[in-house]
Amino acid sequence: MESPTLAGWVGDLTTFTGRQWQREPAVFTPEAFASPFGLDELDAAFDGGLLRTPYLEMVRSDKVVVPPAAYTTPRVVNGTTHHGFADRAKVVALLRSGATLLLRCVDQWHRPTGDLVARLSEELGRRVEAFFFVTPAGGQGLAVHRDDADVFVLQAAGRKTWFVHDAPAVADWSLGELPDDERSPLRLHGVLEPGSVLYVPRGFAHRAVGAAGLSAHLSLTIRDVSLQDLRTGLGQLLSEGLDLPARPLGEAAIADACATLLSHARARLDTIAPEDLRTAARAAQARQPVATPQTETFAGAARNWGDGGPGARRGGPVSVGRTWRRLRDAARGAS
């Protein structure tokens, strides 16, 4: 699990992988690190005017649902009303009343965060997603809960107190909030300062409370395989090298396809090792691209058009008119 990004957060990778990874929560203080998304970037997202649900959500730990209308506003575009646009005044008012702001899948719409997520995903060989939380002092966005992911928390602003409890006691554990009567042993209790990094292993119960100022952190969730991923991966391995029609026509053809598939799967099964299945299952997660695609910018396209470069006036009125004249003249000559 060699990882320049991870090494920058946790220091010695051998120590981390041997002691903490999927075993023990820990807090790290990198010498030079800053979250790619913070309160300034949050303001820029609101200033851009396009932030809306479902990327935006307000939550409370007291099981009170905050309706989207309480923190969004509608807009009329081309005569049609569209709902769900972020309203900063409403969001700030809810923050002052103790609610937490949650931004989902930040990697999908903030380029620096997307680059970090793609890099970490490539280094770990797992699917990674980014979420941003803003919590007032004394506020708690989520009750004690378990996530189906390893989590790295990058503290961006303010201070936040974290409580990390033990791993699930049984293999068939549930996601989400813990029952009120469950009391898992506390494994870590600490306050994150800006620049701190917290690691929470998959399944370890945890909660966070704002300690000072307007606390903000970026959570990077690292997904591992589930039973469904294993099933999907096994199906792909068992059908490798098999050429069958996608849509067998008629009962006879369907019966023949069933027999061929079963025969092929029986032969393939003896050749598949557990590591092969694990690798296929991780691939079945449909993880995000390794790197953010580099596409032509609009400014670059405009320069090409202006300079008569590739694509200049392509498909425009002149080329269409010229093509039409050629087709018309050829038709006249043939008649």
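None of these values were measured; they are calculated from a predicted model. (Residues numbered from 1 in each chain as written. Predicted model: local features only at pLDDT ≥ 70, side-chain atom pairs only at ≥ 80, totals over all residues. Heavy atoms only, no water.)

J.: Would you mind going over helix H5 (residues 111–124) with me for this structure?
T.: Note on helix geometry: an α-helix contains 3.6 residues per turn, so any two residues three or four positions apart are oriented the same way. Between its terminal C-alpha atoms H5 stretches 20 Å, which fits the 20 Å expected from 14 residues at 1.5 Å a residue. Phi for glycine 125, located one or two positions after H5, is positive at around 70°. (Helix = DSSP H or I, 4+ residues; strand = E, 2+ residues; numbered from the N terminus. Expected span 1.5 Å × (residues − 1).)

J.: What should I look at first to understand the packing of helix H6 (residues 227–238) against helix H8 (residues 274–284) in this one?
T.: To characterise two packed helices, one gives the angle between the axes of the helices and the distance between these axes. Packing of H6 against H8 brings their axes to within 7 Å, and their N-to-C directions diverge by 110°. Between H6 and H8, the interaxial angle falls into the category roughly perpendicular. On the side of H6, the interface is formed by Asp229, Leu230, Thr232, Gly233, Leu234, Gln236 and Leu237, while H8 contributes Asp276, Leu277, Ala280, Ala281 and Ala284. Tallied by class, residues from the contact of H6 with H8 come to seven nonpolar, three polar and two charged. (Axes fitted to C-alpha atoms, helices over the stretch in contact; angles between N-to-C directions. Parallel < 35°, antiparallel > 145°, perpendicular 65-115°, else oblique. Contact = heavy atoms within 4.5 Å. Nonpolar A, V, L, I, M, F, W, Y, C, P; charged D, E, K, R; others polar.)

J.: When you look at the environment of proline 201 in this model, what are you seeing that I'm missing?
T.: In this structure, proline 201 sits in the loop between strand E11 (197–200) and strand E12 (206–223). Accessibility expressed as a relative area gives 1% for proline 201, which makes it buried. In the structure, proline 201 is positioned 180 residues away from tryptophan 21 in sequence and 6.7 Å away in space, judged by C-alpha atoms. (Buried < 20%, exposed > 50% of the residue type's maximum accessible area, 1.4 Å probe, protein only.)

J.: Quick question: what am I supposed to make of the packing of H6 against helix H7 (residues 251–269) here?
T.: It is the contact of H6 with H7, at a shortest axis distance of 9 Å, that shows an interaxial angle of 105°. By the angle between their directions, the pair H6 and H7 is classed as roughly perpendicular. Each of Leu234, Leu237 and Leu238 in H6 lies in contact with H7, whose residues at this interface are His264, Ala265, Arg268 and Leu269. Of the residues contributing to the contact of H6 with H7, the split by class is five nonpolar, one polar and one charged.

J.: Explanation requested: the pairing of strand E6 (residues 127–135) in the structure shown.
T.: Both faces of the sheet carry side chains from a regular strand, because those side chains alternate between them. Within E6, eight of the nine residues are buried, which leaves the element mostly enclosed by the surrounding structure. Bridge analysis of strand E5 (residues 100–103) against E6 gives three bridges, and the strand direction is antiparallel. Paired with leucine 103 across the bridge in E6 is phenylalanine 132. Sheet analysis places E6 next to E12, joined by nine bridges and oriented antiparallel. (Pairing = 2+ DSSP bridges.)

J.: How should the layout of surface pockets be read in this particular structure?
T.: One simple way to see leftover space: roll a probe sized like a water molecule over the atoms. Taken as a whole, the largest pocket encloses approximately 560 Å³ of empty space. Lining the largest pocket we find 29 residues, and of these Leu102, Phe133, Leu142, His145 and Asp147 sit closest to its centre. Mapped by element, the contributors of at least two residues to the lining of the largest pocket are E5, E6, strand E8 (150–165), strand E9 (176–177) and E12. For the lining of the largest pocket, the element with the highest residue contribution is E12, accounting for seven residues. (1 Å grid on protein atoms, 1.4 Å probe; cavity = no way out; pocket = protein on both sides within 12 Å on 5 of 7 lines; lining within 4 Å. Points joined across faces, edges and corners; volume = space filled by probe spheres on them.)

J.: Just checking my understanding: could you explain unusual backbone geometry for this structure?
T.: Glycine aside, a negative phi is what most residues show, and trans is what most peptide bonds show. Backbone torsion omega between threonine 53 and proline 54 reads 10°, so that peptide bond is classified as cis. Relative to the elements of secondary structure, proline 54 occurs in the loop between helix H3 (39–48) and strand E2 (56–59). Positive phi, normally seen in glycine, also occurs at asparagine 78, with a value near 55°. Here asparagine 78 shows up in the loop between strand E3 (72–77) and strand E4 (80–86).

J.: Sorry if this is basic, but what is going on with the packing of aromatic side chains here?
T.: Each aromatic ring pair is characterised by the separation of its centres together with the angle its planes make. Inspection of every chain in the model, using the stated rule, returns 10 aromatic pairs. Consider the rings of phenylalanine 37 and tryptophan 109, whose centres lie 5.7 Å apart with planes at 85°: the pair is edge-to-face. With a gap of 72 residues between them, phenylalanine 37 in the loop between strand E1 (26–28) and H3 and tryptophan 109 in the loop between E5 and H5 connect regions that are remote in the sequence. Classification of phenylalanine 37 as buried rests on a relative accessible area of 0%. Residue class for tryptophan 109 comes out partly exposed when judged on its relative accessible area of 27%. Taken together, the ring pairs connect Trp9, Phe16, Trp21, Phe28, Phe152 and Tyr199 into an aromatic cluster. Sitting over the face of the ring of phenylalanine 85, arginine 52 holds its NZ or CZ atom 4.6 Å from the ring centroid. Of note, arginine 207 hangs over the ring of phenylalanine 163, and the distance from its end group to the ring centre comes to 4.0 Å. (Phe/Tyr/Trp six-rings, centres within 6.5 Å; stacked < 30°, edge-to-face > 60°. Lys NZ or Arg CZ within 6 Å of the ring centre and 35° of its normal.)

J.: Help me understand the side chain of threonine 100 in this model?
T.: Summarising the element assignment, threonine 100 is placed in strand E5. A relative accessible area of 1% places threonine 100 in the buried class. Separated by 3.1 Å, the side chains of threonine 100 and threonine 135 make a polar contact. In this structure threonine 100 touches Glu57, Met58, Val59, Leu95, Phe133, Val134, Thr135, Gln140 and Gly141, once residues within four positions along its chain are discounted. (Polar contact = N/O pair within 3.5 Å; in protein donor to acceptor, adjacent residues only side chain to side chain.)

J.: Where do I start with the nonpolar core in this structure?
T.: Side chains that are nonpolar tend, in soluble globular proteins, to be buried together. Trp9, Met58, Leu101, Leu103, Phe132, Phe152 and Leu220 are the most contacted members of the largest nonpolar core, which has 42 residues in total. Not counting residues up to four positions away in its chain, the partners in contact with leucine 101 are Leu42, Leu56, Glu57, Met58, Val91, Leu95, Phe132, Phe133 and Val134. Residues Val151, Val200, Phe204 and Ala208 belong to the second largest nonpolar core, which totals 10 residues. (Core = buried A, V, L, I, M, F, W, Y, C linked by side-chain atoms within 4.5 Å.)

J.: What exactly am I supposed to notice about H3 here?
T.: Along H3, the positions that sit buried rather than exposed are Leu42, Ala45 and Phe46. Projection of H3 onto a plane perpendicular to its axis shows the buried side chains occupying an angular sector of 95°, all on one side. Exposed side of H3, more than 90 degrees from the buried face: Asp40, Asp47 and Gly48 are the residues found there. Tucked into the core, H3 has its buried residues touching E2, E4, helix H4 (88–96), E5 and E6. Phi turns positive, to about 85°, at glycine 49, one or two residues after H3. (Arc of directions from axis to C-beta.)

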